[in-house]
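An overview of the molecular structure
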Amino acid sequence: MKRYIFTFLGAFLAIIQLSAQQIKWNSSYQEYFDVYKDVAIEQMLKYGIPASITLAQGVLESGAGKSELARKANNHFGIKCHGWTGRKSYHDDDERNECFRAYDNAYESYLDHSVFLSSSRRYSSLFKLKHTDYKGWAKGLKACGYATLPTYAERLIDIIQLYKLHRYDTEHKFDKYQLEQMRQNGPIRRVFQFNKNYYVVARKGDTFRKIGEDMDISYRKLAKFNERDKNDQLEEGEMVWLQKKRRKAPKDYKGRLHYVREGESMYSISQKYGIRLKRLYKMNDLPPYYVIQVGDKLKLR
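This write-up is about the structure you can find in this document. Small disclaimer: the values here were computed from a predicted structure and weren't measured.

Reading guide: rules and limits
- Throughout this document, residue positions are counted from 1 along each chain, in the order its sequence is written.
- Local features are withheld for residues below a pLDDT of 70 in this predicted model, meaning they are given only at 70 or higher, and side-chain atom pairs are given and counted only at 80 or more; totals for whole chains, interfaces and linings count all residues.
- Only hydrogens and water are removed before side-chain values are computed, so all heavy atoms of the structure are retained for them.
- At least two bridges found by DSSP between two strands is the condition for calling them paired.
- A helix here means a DSSP run of H or I that spans at least four residues, while a strand means a run of E at least two residues long, and both kinds are numbered starting from the N terminus.
- All axes here are fitted lines through C-alpha atoms, helices being fitted over the stretch that makes contact, and every angle between N-to-C directions spans 0 to 180 degrees.
- In this description, the term disulfide denotes a pair of cysteine sulfurs within 2.5 Å.
- The term salt bridge refers to a pairing of a side-chain nitrogen on Lys or Arg with a carboxyl oxygen on Asp or Glu at a separation within 4 Å.
- Exposure categories follow from relative accessible area, calculated using a 1.4 Å probe and restricted to protein chains: below 20% of the type maximum is buried, above 50% is exposed, and the middle band is partly exposed.
- Any two residues whose heavy atoms approach within 4.5 Å are treated as being in contact.
- An expected span of 1.5 Å times one less than the residue number is assigned to each helix.
- Think of a polar contact as two N or O atoms within 3.5 Å of one another; within protein, one of them needs to be a possible hydrogen donor and the other a possible acceptor, and neighboring residues in sequence only count if both atoms come from side chains.
- Detection works on a 1 Å grid of protein atoms alone, calling trapped sets that fit a 1.4 Å probe cavities and calling open sets with protein on both sides within 12 Å along at least five of seven lines pockets, with lining residues defined by an atom within 4 Å of a point.
- Grid points are joined across faces, edges and corners, and a volume is the space filled by probe spheres set on the points.
- Put simply, Ala, Val, Leu, Ile, Met, Phe, Trp, Tyr, Cys and Pro go in the nonpolar bin, Asp, Glu, Lys and Arg in the charged bin, and everything else, Gly too, in the polar bin.

1. With respect to the sheet that holds strand S4 (residues 197-201)
If you trace the three strands from one edge of the open sheet to the other, you get S3-S4-S5, paired in antiparallel fashion. The open sheet has two edge strands with one neighbour each: strand S3 (192-194) and strand S5 (239-241). Within this sheet the neighbouring strands show an average axis-to-axis angle of 40 degrees, counted without direction. The pairing of S4 with S5 spans three bridges and is antiparallel. Within the sheet, the bridge partner assigned to valine 201 lies in S5 and is methionine 239.

2. Focus on the state of the cysteines
For the structure on display, the rule yields one disulfide. Put simply, cysteine 81 and cysteine 99 are joined by a disulfide, and their sulfur atoms are 2.0 Å apart. Between cysteine 81 and cysteine 99, the disulfide has an S-S torsion of -70 degrees and is therefore left-handed. Here cysteine 81 is found in the loop between helix H4 (68-73) and strand S1 (88-91), whereas its partner cysteine 99 is found in strand S2 (residues 98-101), with 18 residues between them in sequence.

3. Considerations on the pattern of salt bridges
Tallied over the full model, the rule gives nine salt bridges. Residues lysine 46 and glutamate 42 are paired through a salt bridge, measuring 3.6 Å at the closest nitrogen-oxygen approach. Taken together, the residues span about one helical turn, with lysine 46 and glutamate 42 both in helix H2 (residues 27-47) at a distance of four residues. Accessibility expressed as a relative area gives 3% for glutamate 42, which makes it buried. The salt bridge partner of glutamate 227 is lysine 245, with a shortest N-O separation of 2.5 Å. Here the residue glutamate 227 occupies a position in the loop between helix H10 (219-225) and S5, and lysine 245 occupies one in the loop between S5 and strand S6 (257-259), the gap between them amounting to 18 residues. By relative accessible area, lysine 245 is classed as buried at 1%.

4. Remarks on the environment of leucine 141
Secondary-structure assignment places leucine 141 in helix H6 (residues 134-143). What makes leucine 141 buried here is its relative accessible area of 0%. Spatially, the C-alpha atom of leucine 141 lies 41 Å from that of lysine 210, the residues being 69 residues apart in sequence. For leucine 141, the contacting residues outside a window of four places in its chain are Ile53, Gln57, Leu117, Tyr123, Leu126, Tyr146 and Leu156.

5. Concerning the side chain of glutamine 43
Structurally, glutamine 43 is set in helix H2. Apart from the residues lying within four places of it in its own chain, the contact partners of glutamine 43 are Gly48, Tyr107, Tyr110, Leu111 and Ser114.

6. Considering helix H5 (residues 106-118)
Under the 1.5 Å per step criterion, the end-to-end length of H5 is 19 Å for 13 residues, consistent within 8% with the ideal 18 Å. Along H5, the positions that sit buried rather than exposed are Ala106, Tyr107, Ser109, Tyr110, Asp112, His113, Ser114 and Leu117. Between the side-chain oxygen of the N-cap and the backbone nitrogen of tyrosine 107 there are 3.2 Å, and the N-cap of H5 in question is asparagine 105.

7. Looking at unusual backbone geometry
Note: most peptide bonds trans; most residues except glycine with negative phi. Of note in the backbone geometry, aspartate 216 takes a positive phi value of approximately 60 degrees without being a glycine. Within the secondary structure layout, aspartate 216 lies in the loop between helix H9 (208-215) and H10. With a phi close to 55 degrees, glutamate 227 is a non-glycine residue in the positive phi region.

8. Quick look at the layout of surface pockets
Roughly 700 Å³ of internal volume is contained in the largest pocket. In terms of lining, the largest pocket is formed by 26 residues, of which the most central are Glu61, Gly78, Lys80, Asp93 and Tyr146. At the level of secondary structure, the elements contributing two or more residues to the lining of the largest pocket comprise helix H3 (51-62), H4 and helix H7 (152-162). Taken together, the residues of the lining of the largest pocket break down into eleven nonpolar, seven polar and eight charged.

Following this line, the structure appears as structure tokens:
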């Protein structure tokens, strides 16, 4: 009898441990959501599939975009070739060398995922649910046979709750610039938004040419937007603006001052707030040759 009790306890503890592992926060997952949230919202508004479900499925099926299928075929949802006339990719799954759909970029994968679900009779019952009912969708996907993993629904729900993805299910707008970049190139780099502008963060060894190629922007224009020489080597962590910088900081910076810190320059401050360097000098009544000192106070608009 004791042996059965210990066996049961061991199994119970293993389940608890597995559950804890499933919902452990992962920075790769968060980065994935930051990149793909806009396309998930767009697809929700078009097709009615919860953005939270799309994101949770995408991150789980693609290993946060790092699986071989995602990297080689841009397939983020593990959709197989059934009835597919486009490009194909072969990978081992339930069986060896199975046929999977292949796409030119991740945006096409997200679009096909929406079409695949919305056009199939197998999943028609899901579209009777509200797009805010992510639990119903998660359980419904498992019941309809989307995945063979026994805990598939629970995994989706855990991911959605841990990363608060359900907040996207009530969104009514998305970043069109992000989507356009994804349609053209795929999300090679994460794009940030600030001061009615967009920027990326330079990686080690980056140049304007490298970033320009990734973002499909002339590297000469990119250097000009950032008030630099087109051949400059960039430092890791630098902000690189993708459009011409603004004349001043956002409206909520009205009346606020920037206190100069060790290592800062007028240029680095202009980059931080997305302000043109000449405008930063002018609004602070400073000559262009002035060297700022630690503790100096600068107006931002």
